[in-house]
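Letter by letter, the chains look like this.
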Amino acid sequence: MKNELSPEQREELLGTLRARFEKNVNRHKGLEWAKVQAQLKANTKKLWSLNEMERTGGEPDVVGHDKKTGEYIFYDCSAESPKGRRSLCYDRQALDERKEHKPENSAIDMAAAMGIELLTEEQYRELQKLGHFDTKTSSWIRTPSVIRKLGGGIFADYRYGTVFVYHNGAESYYAARAFRGSLRV
C-alpha cells in the first residue's frame, strides 16, 4: 500500500531512529525513547513520513516535545542538506514558470508528498543550536508570502559561526541546496 511501511520496514526504521536518539541525547534532553516509540507505533502514516525523511538522507531525530499537544517534533538532522532532495526549485509556481533546464521537482511539492513541512527560519535557527548543520550546503526554508509574491525564496546555511539567511529567485536550484523538513508525531 502507498504511504505504509511493512512490519519489517517499520522495525528497521524504529531501530535506526532509536540508535540516532541514543547517540544524540543533546538534541532531546529529558525525553524517553520508550514514549517516543509508543507515539510512533500509534501513528503509522507519520512513520511512513519519517521513513521518507530517512530515505532521502535527512537523518530525522527528535528535537522537542510539545507539552500542549503531546506531539514529538522531528527535524532533519543530517550534517549537510539531504542528498536525496537537492537541485529543487522552491515551489510549483517557480517550477512551472521556468522555461528551460527545469529541475525534477520543487521543495514544497516534495515536502508535501512526504507529509512534512519545510523548516521556518525560527526552526532552522533552533536546529543550529543543536550542532552545526549546512556548513558546506544550504537549505530552502519556508518563505514568507510577501517575499514569495515578489518572486523570491529564502534559504539558509551556517558559515563563520553564524546562521545566514539569504534570498534567491524561487526558480533557482543548486546541487548543494536541498530543504530540511519537520514532522510532528
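Provided above is the structure to which this section pertains.
Cut-offs applied
- Residues numbered from 1 in each chain as written.
- Predicted model: local features only at pLDDT ≥ 70, side-chain atom pairs only at ≥ 80, totals over all residues.
- Heavy atoms only, no water.
- Helix = DSSP H or I, 4+ residues; strand = E, 2+ residues; numbered from the N terminus.
- Contact = heavy atoms within 4.5 Å.
- Phe/Tyr/Trp six-rings, centres within 6.5 Å; stacked < 30°, edge-to-face > 60°.
- Buried < 20%, exposed > 50% of the residue type's maximum accessible area, 1.4 Å probe, protein only.
- Pairing = 2+ DSSP bridges.
- Axes fitted to C-alpha atoms, helices over the stretch in contact; angles between N-to-C directions.

Draft legend 1. Broad picture of the environment of Val62. Considering the arrangement of structural elements, one finds Val62 in strand β1 (residues 60–65). Sequence-wise, Val62 and Phe74 are twelve residues apart; in three dimensions their C-alpha atoms are separated by 4.4 Å. Discounting chain neighbours no more than four positions away, the residues touching Val62 are Phe21, Arg27, His28, Leu31, Val36, Tyr72, Ile73 and Phe74.

Draft legend 2. Region of the structure containing the packing of aromatic side chains. Counted under the stated rule, the structure contains five aromatic pairs. Relative to Trp33, the ring of Phe21 has its centre 5.4 Å away and its plane inclined at 55°; by these criteria the two rings are tilted. On the criterion of sequence distance, the pair formed by Phe21 in helix α1 (residues 7–23) and Trp33 in helix α2 (residues 33–41) is long-range, its members being twelve residues apart. Arranged with centres 6.0 Å apart and planes meeting at 25°, the rings of Phe164 and Tyr166 form a pair that is stacked. Here Phe164 falls in the partly exposed class, since its relative accessible area comes to 30%. Through pairs of rings, three or more aromatic residues link up here, namely Tyr90, Trp140, Phe155, Phe164 and Tyr166.

Draft legend 3. The arrangement of unusual backbone geometry in detail. Phi is positive for His101, which is not a glycine, with a value near 55°. Secondary-structure assignment places His101 in the loop between α4 (92–97) and α5 (107–114). If you check the backbone angles, Asp134 has positive phi at about 60° while not being a glycine. Note that Asp134 resides in the loop between α6 (121–128) and β4 (138–141). Relative accessible area serves as the criterion here: at 0%, Asp134 is assigned to the buried category.

Draft legend 4. Seen up close, the sheet that holds strand β7 (residues 177–179). Taken in spatial order, the four strands line up as β6-β5-β4-β7 in an open sheet, and their pairing is mixed. In this open sheet, the two strands that pair with only one neighbour each are β6 (162–169) and β7. The average angle at which neighbouring strand axes cross in this sheet is 35°, direction not considered. Bridge analysis of β4 against β7 gives three bridges, and the strand direction is parallel. Residue Trp140 lies in a different strand from β7, and its bridge partner there is Phe179. Taken strand by strand, α6 contacts β4, β5 (152–159) and β6, and its axis lies near 145° from that of β6.

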